[in-house]
Amino acid sequence: MANEFPALSGTIEDLAAAVEKGDRRALARAITLVESTRADHRAEADALLARLQSRVGTSLRLGISGAPGVGKSTFIEALGLFLIGRGHRPAVLAVDPSSPVSGGSILGDKTRMAALVRDDRAFVRPSPSRGALGGIAPRTRESVMVCEAAGFDVILVETVGVGQSETDVAGIVDHFILLIAPLGGDELQGIKRGIVELADLVVVTKADGAWEAAARRAAMEYTSALTLLEARGREVLTCSALEGRGIEEIWQAIERRRGRPGMGDALAARRREQARAALWAEIDADVRTRLRGHPRAAALLAKLEHDVGAGAVTTGAAARAVLDALLTPEATPRRLTGRGKLP
Ligand SMILES: Nc1nc2c(ncn2[C@@H]2O[C@H](COP(=O)(O)OP(=O)(O)OP(=O)(O)O)[C@@H](O)[C@H]2O)c(=O)[nH]1
Ligand SMILES: [Mg+2]
């Protein structure tokens, strides 16, 4: 994939048109562009997303998270193939915040989802490299949009659960599915309460062979644990992705959830809130980048970093001094006119 780095031939309009036609190479390129941290690529990515905007927002977005090895990729492949059988076109985006840039997850995901990778009706995109501007989630959110514009109608986002990653991914999908291993335990397998509360659906994986009874027991334990957490209305199901059992029930549970009274409005509100949060994530990241690259900031930051280290000034005062010095003069609006608008 590395050699695919946007050696863009043609214009953004060409690329957008090719994406809209469902051209897979164009889609892969568009995602690479969206994930790029280069400033000129970012500008092109923004232009591309603006071009694609009218076709965005039409898919069902599912987040699938869980501990390493719990069975996420196997589950996604089984669900993806099931969805293809139902006439859907699934796209898979894998987010692995823990893998190094050249990590093994890329190969792992591709081989693990081999049948899905081979199928023309699906699209599988392995993990982006780390260190993306503004974190992985904002860029993944945009990759979801590009997949939608290319005609994929169910987007599955896989992420390894490491705490923050679940929160990030839950923040860009409609339904967040937490996969857990078929092990019981009072400690809820060390899964943080907050993460379980994020889940719209909990699935105990590997409910087959020697694990089957344990999986059913774990599902019952989680059902009562969720009831205690007053997270009622969240279902706990079991599945064996290897044997293809439980997949249809999980899809039905998702459909039931979507069909609940008021869910249309709730999902629309969720997406509006997600857009707002993404805006602020972009602003936070951009402010940092611009400050660091600002010529006037360099000297001031160097001095303040030194002073903070020496204990000569508090971190809060130093931070405000930087922002005051650099943002205020340019950002001060001229006086508002009588109608409350800037002249
Ligand atoms: N018995 C059984 N094994 C399974 C099932 N699903 C996955 N596995 C096995 O569990 C292991 C991990 O599966 P993956 O699907 O790669 O798990 P993952 O959560 O995607 O792993 P990472 O992406 O590395 O975090 C593999 O050896 C799978 O064959 C299942 O339904 N039943
Ligand atoms: Mg995986």
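Reading the values: rules and limits
Residues numbered from 1 in each chain as written. Chains lettered and ligands numbered in written order. Predicted model: local features only at pLDDT ≥ 70, side-chain atom pairs only at ≥ 80, totals over all residues. Heavy atoms only, no water. Helix = DSSP H or I, 4+ residues; strand = E, 2+ residues; numbered from the N terminus. Buried < 20%, exposed > 50% of the residue type's maximum accessible area, 1.4 Å probe, protein only. Contact = heavy atoms within 4.5 Å. Areas by Shrake-Rupley, 256 points an atom, 1.4 Å probe, with all protein chains shown as cover. Lys, Arg positive; Asp, Glu negative; His and termini not counted. Salt bridge = Lys/Arg side-chain N within 4 Å of Asp/Glu carboxyl O. Polar contact = N/O pair within 3.5 Å; in protein donor to acceptor, adjacent residues only side chain to side chain. Near = heavy atom within 4 Å. Nonpolar A, V, L, I, M, F, W, Y, C, P; charged D, E, K, R; others polar. Donors = N, O, S within 2.8 Å, 3.2 Å for Na, K, Ca; no water. Core = buried A, V, L, I, M, F, W, Y, C linked by side-chain atoms within 4.5 Å. Pairing = 2+ DSSP bridges. Axes fitted to C-alpha atoms, helices over the stretch in contact; angles between N-to-C directions. Phe/Tyr/Trp six-rings, centres within 6.5 Å; stacked < 30°, edge-to-face > 60°. Lys NZ or Arg CZ within 6 Å of the ring centre and 35° of its normal. Expected span 1.5 Å × (residues − 1). Patch = residues over 30% accessible without salt bridge, like charges linked within 9 Å, V, L, I, M, F, W, Y side chains within 5 Å.

Visitor: Mind showing me how you'd approach the overall build of the protein chain here?
Guide: Secondary structure summary: the protein chain contains 14 helices and 7 strands in total. Expressed as a percentage of the 343 residues in the protein chain, the buried residues total 45%. Put simply, 75% of the contacts in the protein chain that link residues at least 6 apart link residues at least 24 apart. Accessible surface for the protein chain amounts to roughly 17,400 Å². Of this, 56% is attributable to carbon and sulfur atoms.

Visitor: Please clarify how the side chain of Lys72 should be interpreted in this entry.
Guide: Tracing the backbone shows Lys72 in helix α4 (residues 72-85). As a buried residue without a salt bridge, Lys72 has its nearest oppositely charged side chain in Glu158, at a separation of 4.6 Å. In this structure the side chain of Lys72 is engaged in a polar contact, spanning 3.1 Å, whose partner is the backbone oxygen of Gly66. Among residues more than four places away in sequence, those in contact with Lys72 are Ile64, Ser65, Gly66, Ala67, Glu158, Thr159, Val160 and Leu179.

Visitor: I keep staring at the site of ligand 1 and nothing clicks. Help me out?
Guide: Neighbouring ligand 1 are 16 residues, the closest being Lys72, Ser73, Thr74, Arg112 and Asp208. Here an oxygen atom of ligand 1 sits 3.0 Å away from a polar atom, N or O, in the main chain of Gly71. Take Lys206: an N or O atom from its side chain is 3.0 Å from an oxygen atom of ligand 1. Breaking the shell around ligand 1 down by element, the ones donating at least two residues are α4 and β4 (154-160). Residue composition of the shell around ligand 1, grouped by class: 6 nonpolar, 5 polar and 5 charged.

Visitor: When you look at the coordination of the magnesium ion (ligand 2) in this model, what are you seeing that I'm missing?
Guide: Four donors placed tetrahedrally about a metal ideally form angles of 109.5 degrees, and six donors placed octahedrally ideally form angles of 90 or 180 degrees. Around the magnesium ion (ligand 2), the protein contributes the donor atoms Ser73 (OG) and Glu158 (OE), at 2.1 to 2.3 Å from the metal centre. Residue Ser73 is located in helix α4, and its partner Glu158 is located in strand β4; the two are separated by 85 residues in the primary sequence. Across the pair, exposure class does not vary: Ser73 and Glu158 are buried alike.

Visitor: Got a minute to help me understand the nonpolar core in this structure?
Guide: Formed by 49 residues in total, the largest nonpolar core has its most connected members in Val19, Leu27, Leu48, Val146 and Cys147. Per-element accounting of this core gives the leading share, 6 residues, to helix α2 (residues 24-35). In this view, Leu48 contacts Ile12, Leu15, Ala16, Ala30 and Leu33; residues no more than four positions away in its chain are not counted. Counting 30 residues, the second largest nonpolar core, distinct from the first, contains Leu62, Met113, Leu116 and Leu237.

Visitor: For this particular structure, what's the right way to read the sheet that holds strand β1 (residues 60-66)?
Guide: Across a sheet, paired strands are connected by hydrogen bonds in the backbone, their directions being either parallel or antiparallel. Taken together, 7 strands build an open sheet; the order of strands is β3-β2-β4-β1-β5-β6-β7 and the sheet is parallel. The open sheet has two edge strands, β3 (123-125) and β7 (235-238), and neither has a second partner. On average, each strand axis in the sheet is inclined to that of its neighbour by 20°, with strand direction left out of account. By the bridge criterion, 5 bridges tie β1 to strand β5 (residues 175-180) in an arrangement that is parallel. Along β5, the bridge assignment pairs Leu62 with His175. Each of β5, β6 (201-204) and β7 touches helix α10 (residues 212-228); the most contacted strand, β7, lies at about 175° to it.

Visitor: Before we go on, may I ask you to explain the packing of aromatic side chains in this structure?
Guide: Each aromatic ring pair is described using two quantities: the centre-to-centre distance and the angle formed by the ring planes. The full count for this structure, using the stated rule, is 1 aromatic pair. When the centroid spacing of 6.0 Å and the interplanar angle of 40° are considered together, the rings of Phe123 and Phe152 count as tilted. One end of the pair, Phe123, is in strand β3; the other, Phe152, is in the loop between α7 (136-149) and β4, with 29 residues separating them in the sequence. No difference in accessibility class separates Phe123 from Phe152, as the two residues are buried. We note Arg89 situated over the ring of Phe152; from NZ or CZ to the ring centre the distance is 4.2 Å.

Visitor: How do you make sense of the pattern of salt bridges when you look at a structure like this?
Guide: Pairs can form between side chains of opposite charge once their charged atoms are near each other. Across all of its chains, the model carries 20 salt bridges by this definition. Residue Arg139 pairs with Glu282 through a salt bridge whose shortest N-O separation is 2.2 Å. Note that Arg139 is positioned in helix α7 and Glu282 in helix α12 (residues 263-293), a separation of 143 residues in sequence. In this structure, Glu243 engages Arg245 in a salt bridge whose closest nitrogen and oxygen atoms are separated by 2.5 Å. Accessibility expressed as a relative area gives 48% for Glu243, which makes it partly exposed.

Visitor: Would you mind going over α4 with me for this structure?
Guide: Owing to its 3.6 residues per turn, the α-helix brings residues three or four apart onto one side. Between its first and last C-alpha, α4 extends 20 Å over 14 residues, near the 20 Å set by a 1.5 Å rise per residue. With 11 of its 14 residues buried, α4 lies for the most part within the structure. Looking at α4, one finds that the buried residues are Lys72, Ser73, Phe75, Ile76, Glu77, Ala78, Leu79, Gly80, Phe82, Leu83 and Ile84. Downstream of α4 by one or two residues, Gly87 has phi in the positive range, about 90°.

Visitor: What am I meant to see in a nonpolar patch on the surface here?
Guide: A contiguous nonpolar surface patch, about 490 Å² in accessible area, is contributed by Leu279, Trp280, Ile283, Val287, Leu323 and Leu327. Those elements giving two or more residues to the nonpolar patch turn out to be α12 and α14 (315-331). Broken down by element, the nonpolar patch gets its largest block of residues, 4 residues, from α12. With respect to the element layout, Leu327 can be found in helix α14.

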